[in-house]
Protein chains: 2
Amino acid sequence: MFKAIQKRSVSDEVFDQLRNRIVYQELKAGEELPSERLLSEMLGVSRNAVREAIKRLQQARLVEVKHGGMTTVLDYRREASADLLPSLLFDQDGQIQVDAARSIVRMRQVLSPAIAADAAVNGGAATADRLDALVDDMTAAVAPVDLQRLAFEFWEELVDGSGNIAYRLAFNSLRKTYEPLWELLTQMLDRDLRKLDSFRGLAMLVREGKADEAAELARDYIDGSSNAINQFLDLYEQHTQNHLNNNA
Amino acid sequence: MFKAIQKRSVSDEVFDQLRNRIVYQELKAGEELPSERLLSEMLGVSRNAVREAIKRLQQARLVEVKHGGMTTVLDYRREASADLLPSLLFDQDGQIQVDAARSIVRMRQVLSPAIAADAAVNGGAATADRLDALVDDMTAAVAPVDLQRLAFEFWEELVDGSGNIAYRLAFNSLRKTYEPLWELLTQMLDRDLRKLDSFRGLAMLVREGKADEAAELARDYIDGSSNAINQFLDLYEQHTQNHLNNNA
DNA sequence: CAGGTCCACTGGTAGGATAAGTTACCTCAA
DNA sequence: TTGAGGTAACTTATCCTACCAGTGGACCTG
């Protein structure tokens, strides 16, 4: 198959470089960025491109810009939003940062039962209909990747049904974080995604407005899939640890 | 007291205008922005300023820019991050959007017990020491606003103690959302903030590593303060509803 | 040595020129 | 008639230069 080639603009390149230097702690909180003129000279790009990159860093709350003064690096742990998670999930060598991954799994684990419960309260029959339709599709799906996609759409529908905009926006950031790991997740969750009874049951409980039972069922399902991911992360951690030892 | 005067640059102004038009649905998802040249002419600013504003909109995932094509508005419910919550919390007249506020209160309610539990597991004595020091300060505090600030720092410390970067980043967005409502929250939570036993108890349970009990105590506390906020929101909703009826 | 002035930086804004990509439409041959 | 290809008129992307505006330190000066 063909993949759409991604063209990276100059200002994107500058943004990525600076963001990486910040999240990899090569530029620490409180330190000053080189001046725009110096940066543009060092990188061989126009000052314009540098300014646009810095505007994005500012929007991501990674730097603080002061007219007339130097631009300083902020503490991303204190200032940045969940949008930064995709950048924190991998280190410079492309290895998964296990701590960050566990954090994300945990947050998903905590939010999911509440999402299901709130969807049961606020979703109504319309949400339940869409959920049932998705479960029908899941029943017919054969390829694991299709199942994974449909399961994700199921959760998206639950989030919408909860009517909670804060869940919705947090979920968006989590989705962006999952994307680079999509194939890997499909393998990890292969067994859990086949628990169609759970999905069907959730749709039913949403239809009946049974919040507590929906939360309970969601918890069961999510705890299972969280365990699957965490077991993978344990193995991954051992493997990379051994790899480091072998190289040392 | 003096307040730092906030100077808004031209590109900030352009960004605010465009972001507001998007969140207020004057520019709907799928619609096209005017071209950069047209925008800069309409707003009476340089194309540079417009481009910098659009770069920030792009970083916030409110628009999609395509080289050679028109820039289109994205569906912020599907794409944006929790960074957008402060903009969603107020409508064009500066009135609180009660649905958004309830969403935020709910998310805080769901996350807080888990934060406390994880802090109990991962925080250790160092976290407990800092928590106890904060409770000491709270005991000595007299002004409600100081109590509020210290209580917030207490939760920040719990989040740090949980060691969960996803909690941390989500919490950052929530903090940015609270900020414009700080004085109002101080009034609403006046009674709850005086429950120093809860704070002291949480510090103790973190020290002893008792996750379940910490979650339970956190839930008790957060449910109480959530009720207080929701009661205010109910009254606020009635009031604004009456106000609308009177004007009609 | 406090207070003010100046200067050498910093980021902010403007406008123009050109490159590169998209889109709609028009032309022309099969 | 239809479809392939080219063209024209847009769009965003990039760069350049010039100048405005704010900051902070050096350096006078009373």
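Refer to the structure above for everything that follows.
What this report covers is the structure whose coordinates are included nearby. Quantities reported herein were computed from a predicted structural model and do not represent experimental measurements.

About the cut-offs
- Residues numbered from 1 in each chain as written.
- Chains lettered and ligands numbered in written order.
- Predicted model: local features only at pLDDT ≥ 70, side-chain atom pairs only at ≥ 80, totals over all residues.
- Heavy atoms only, no water.
- Axes fitted to C-alpha atoms, helices over the stretch in contact; angles between N-to-C directions.
- Helix = DSSP H or I, 4+ residues; strand = E, 2+ residues; numbered from the N terminus.
- Parallel < 35°, antiparallel > 145°, perpendicular 65-115°, else oblique.
- Left-handed = near helix turned anticlockwise from the far one by under 90°.
- Contact = heavy atoms within 4.5 Å.
- Buried area = accessible area lost by both parts, 1.4 Å probe.
- Salt bridge = Lys/Arg side-chain N within 4 Å of Asp/Glu carboxyl O.
- Phe/Tyr/Trp six-rings, centres within 6.5 Å; stacked < 30°, edge-to-face > 60°.
- Lys NZ or Arg CZ within 6 Å of the ring centre and 35° of its normal.
- Least-squares fit on C-alpha atoms with pLDDT ≥ 70 in both.
- Near = heavy atom within 4 Å.
- Polar contact = N/O pair within 3.5 Å; in protein donor to acceptor, adjacent residues only side chain to side chain.
- Nonpolar A, V, L, I, M, F, W, Y, C, P; charged D, E, K, R; others polar.
- Buried < 20%, exposed > 50% of the residue type's maximum accessible area, 1.4 Å probe, protein only.

1. What to know about the packing of helix 6 (residues 98–122) of chain B against helix 8 (residues 144–162) of chain B
Residues and elements named next belong to chain B. Interaxial distance between helix 6 and helix 8 falls to 7 Å at its minimum, and their mutual angle equals 55 degrees. As judged from the angle between their axes, helix 6 and helix 8 are oblique. Seen along the crossing, helix 6 lies across helix 8 with a hand that is left-handed. Of helix 8, the residues touching helix 6 (which contributes Ser-112, Ile-115, Asp-118, Ala-119 and Asn-122) are Trp-155, Leu-158, Val-159, Gly-161 and Ser-162.

2. Observations concerning the interface of chain A and chain B
Taken together, the contact between chain A and chain B spans 46 residues of the former and 46 residues of the latter. Contact between chain A and chain B buries roughly 4000 Å² in total, counting both sides, with carbon and sulfur atoms accounting for 52%. When the buried area of chain A at its contact with chain B is split by residue, A:Gln59, A:Arg78 and A:Leu169 rank highest and sum to 16% of it. Applying the counting rule to chain A against chain B returns 14 salt bridges. With a shortest N-O distance of 2.8 Å, B:Arg51 and A:Glu52 are connected by a salt bridge.

3. A look at the packing of aromatic side chains
Applying the stated rule across the entire model yields twelve aromatic pairs over all chains. Between A:Phe154 and A:Phe199, the ring centres sit 5.0 Å apart and the planes meet at 90 degrees, which makes this aromatic pair edge-to-face. A residue pair is termed long-range when its members are at least 10 positions apart, and A:Phe154 in helix 8 (residues 144–162) and A:Phe199 in helix 12 (residues 196–208) qualify at 45 residues. Through a chain of ring-to-ring contacts, the aromatic side chains of A:Phe152, A:Phe171, A:Tyr178 and A:Trp182 assemble into a single cluster. When the ring centre of A:Phe15 is taken as origin, the NZ or CZ atom of A:Arg56, which lies over that ring, is 4.0 Å away. Directly above the aromatic system of B:Tyr76 lies the positively charged group of B:Arg77, at a separation of 5.1 Å from the ring centroid.

4. Thoughts on the relation of the copies chain A and chain B
It takes a turn of 180 degrees to lay chain A on chain B, together with a shift of 0.0 Å along the axis; the resulting RMSD is 0.1 Å. This pairing of chains is accounted for by a two-fold axis. Of all interface residues in chain A, 100% are interface residues in chain B too; the two copies therefore contact each other through one and the same surface.

5. Observations regarding the protein's contact with DNA strand C
Residues in contact with DNA strand C amount to 24 residues; listed here are only the nearest, A:Glu36, A:Arg47, A:Arg51, B:Val10 and B:Ser46. A distance of 3.3 Å separates a phosphate oxygen of DNA strand C from a polar atom in the side chain of A:Ser35. Between DNA strand C and A:Arg37 there is a distance of 2.9 Å, counted from a base nitrogen to a side-chain nitrogen or oxygen. Those elements that provide at least two residues to the surface near DNA strand C are helix 2 (36–43) and helix 3 (47–59) of chain A together with helix 1 (10–23) of chain B. Within the surface near DNA strand C, the residues separate by chemical class into four nonpolar, twelve polar and eight charged.

6. Some words on the pattern of salt bridges
For the structure on display, the rule yields 62 salt bridges over all chains. Note that B:Arg149 is salt-bridged to B:Glu153, the shortest N-O span being 3.2 Å. Here B:Arg149 and its partner B:Glu153 are both found in helix 8, four residues apart, which amounts to about one turn of the helix. Exposure remark for B:Glu153: the relative accessible area of 33% places this residue in the partly exposed category. In this structure, B:Arg194 engages B:Asp190 in a salt bridge whose closest nitrogen and oxygen atoms are separated by 3.1 Å. By sharing partners, the salt bridges in this structure join A:Arg78, B:Glu156, B:Asp160, B:Arg168 and B:Arg175 into a single network.

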